[in-house]
Amino acid sequence: MNVDSWPIGVFASVDAGLGVAWDVIADLKVPTIQLHTPHAGGRDAAAAAKLKTQLAEMGVRCTCVFGGFDGESYADIPTVVKTIGLVPETTRASRLAEMKEISDFAKGLDCDAIALHLGFIPEDPNDANYQAIVEVTQELCDHCENNSQFLHLETGQETAEGLLTFIDKVARANLKINFDPANMILYGTGEPIEALRELGPHVRSVHCKDGTWSDHPGETFGEEVALGEGDVDMAAYLKTLKEIGYEGPLTIEREIPQDPVRQKAEINKAIELLKKLRSETLSA
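Residues numbered from 1 in each chain as written. Predicted model: local features only at pLDDT ≥ 70, side-chain atom pairs only at ≥ 80, totals over all residues. Heavy atoms only, no water.

An unreviewed UniProt entry annotates the protein chain as Xylose isomerase-like TIM barrel originating from Rubripirellula amarantea.

See below:
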């Protein structure tokens, strides 16, 4: 492996999503991004073609498009359970249609992966709602397969064991994981390094994000903090990524869009930290 195996990237947005603003990408001088999906109406074929041209001019590659939906809220863990992803039954059909549209948009960008927080998947496969969640995921995987794409599930809301069981039940070769170590801490679902080892064969993209544990893990959120200032242990994280054979981008996510100046400054520091740790890890 060499530094080209781990290009540094950033989570970005065209129209004020969670990621950094569009004009910040060039300033950061990163070669890759993950893209928070544009709002409905901004992800047709023409929009994809325009964006593809912009990215080419910037010398930036979009490695994954993340889905998100109106009505989602991360206010607290009970609200996440009720509002996030494809798990809530009342919005499942409309959100599945949106994810298919996002898959088609990503294809227009020549991007071979889409991702999302699926929502709180029940840990027990015998739960009354479990099979329906399996089936909607299978349908989305099949749509992605027709677009020569992978579907990445963001980690955090399930334990590693629960996620492995779900992947086995869905039984689709293009279902993979976007591993976010901080989310394991924020949601209180498991030690991130241990979880990464367990999920390693399925990990196809990652976030580089940090956080601290809640006083009541699993009941209240932990706190997201700047990279290197939390409980993830970024040196151990990169070492473990090397151990599992991961060779994709290291995508920085810092979810403070309400403070873009601080966000940009902390991401710049994160880039320097990752460059240092990447060099140390790959030369070891």
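(A) Quick look at the side chain of Glu158. Along the polypeptide, Glu158 turns up in the loop between β5 (150-154) and α6 (160-170). Buried and unpaired, Glu158 has Arg92 as its nearest opposite-charge partner, separated by 12 Å. Only 3.1 Å separates the side chain of Glu158 from the backbone nitrogen of Ile121, close enough to count as a polar contact. With near-sequence residues (within four places) excluded, Glu158 lies in contact with Gly119, Phe120, Ile121, Glu123, Leu163, Met184 and Thr189. (Helix = DSSP H or I, 4+ residues; strand = E, 2+ residues; numbered from the N terminus. Buried < 20%, exposed > 50% of the residue type's maximum accessible area, 1.4 Å probe, protein only. Lys, Arg positive; Asp, Glu negative; His and termini not counted. Salt bridge = Lys/Arg side-chain N within 4 Å of Asp/Glu carboxyl O. Polar contact = N/O pair within 3.5 Å; in protein donor to acceptor, adjacent residues only side chain to side chain. Contact = heavy atoms within 4.5 Å.)

(B) Local environment of the UniProt feature "domain: Xylose isomerase-like TIM barrel" (unreviewed entry) in the protein chain. As recorded in UniProt, the sites labelled "domain: Xylose isomerase-like TIM barrel" (unreviewed entry) are residues 24-276. The span residues 24-276 carries 44% helix and 16% strand; its end-to-end C-alpha distance comes to 22 Å. (UniProt positions renumbered as here; feature names shortened; annotations may be inferred.)

(C) Representation of the nonpolar core. One finds Ile33, Val65, Phe179 and Tyr237 to be the most contacted residues of the largest nonpolar core, which totals 74 residues. Considering every element that reaches this core, the biggest residue donor is helix α5 (residues 130-146), with 7 residues. For Phe179, the contacting residues outside a window of four places in its chain are Thr155, Met184, Pro192, Ala195, Leu196, Leu199, Val203, Ser205, Val206, His207 and Tyr237. Ranked by size, the runner-up nonpolar core spans 5 residues in total, among them Phe11, Phe66, Ala113 and Ala115. (Core = buried A, V, L, I, M, F, W, Y, C linked by side-chain atoms within 4.5 Å.)

(D) Region of the structure containing the packing of aromatic side chains. Evaluated as defined, the whole model comprises 5 aromatic pairs. Taken together, a centroid distance of 5.9 Å and an interplanar angle of 80° make the contact between Tyr130 and Phe166 edge-to-face. Of the two residues, Tyr130 is situated in helix α5 and Phe166 in helix α6; the sequence distance between them amounts to 36 residues. Across the pair, exposure class does not vary: Tyr130 and Phe166 are buried alike. The structure contains a cluster of three or more aromatic residues connected by ring pairs, namely Phe120, Tyr187 and Phe221. (Phe/Tyr/Trp six-rings, centres within 6.5 Å; stacked < 30°, edge-to-face > 60°.)

(E) Structural detail: the sheet that holds strand β1 (residues 8-13). Strands sit in the order β1-β2-β3-β4-β5-β6-β7-β10 around a closed barrel of 8 strands; the barrel is parallel. Adjacent strand axes in the sheet meet at a mean angle of 30° when their direction is disregarded. As judged from the 4 bridges shared by β5 and strand β6 (residues 175-179), these two strands associate in the parallel manner. Across the sheet, the residue bridging to Leu151 is Leu175, located in β6. In the packing of helix α8 (residues 192-199) onto the sheet, contacts are made with β6 and β7 (203-208), and the angle to β6 comes to roughly 160°. In the packing of helix α9 (residues 234-243) onto the sheet, contacts are made with β6, β7 and β10 (250-252), and the angle to β7 comes to roughly 165°. (Pairing = 2+ DSSP bridges. Axes fitted to C-alpha atoms, helices over the stretch in contact; angles between N-to-C directions.)

(F) Up close: the packing of α6 against α8. Relative to each other, α6 and α8 sit at 20°, their axes nearing to 9 Å. Overall, the two elements α6 and α8 adopt an arrangement that is roughly parallel. The interaxial crossing formed by α6 with α8 has right-handed handedness. Of α8, the residues touching α6 (which contributes Ala160, Glu161, Leu163 and Leu164) are Ala195, Glu198 and Leu199. (Parallel < 35°, antiparallel > 145°, perpendicular 65-115°, else oblique. Left-handed = near helix turned anticlockwise from the far one by under 90°.)

(G) Local environment of the pattern of salt bridges. With the rule as written, the count across this model stands at 16 salt bridges. Glu224 is paired through a salt bridge with Arg254; the nearest N and O atoms lie 3.2 Å apart. Here Glu224 is found in strand β9 (residues 223-225), whereas its partner Arg254 is found in the loop between β10 and α10 (260-283), with 30 residues between them in sequence. A relative accessible area of 14% places Glu224 in the buried class. Its salt-bridge partner being Glu266, residue Arg254 comes within 2.5 Å of it at the nearest N-O pair. On the criterion of sequence distance, the pair formed by Arg254 in the loop between β10 and α10 and Glu266 in helix α10 is long-range, its members being 12 residues apart. Each member of the pair, Arg254 together with Glu266, is buried. Each of Asp180, Lys209, Glu253 and Glu255 takes part in salt bridges that share partners, so that together they form one network.

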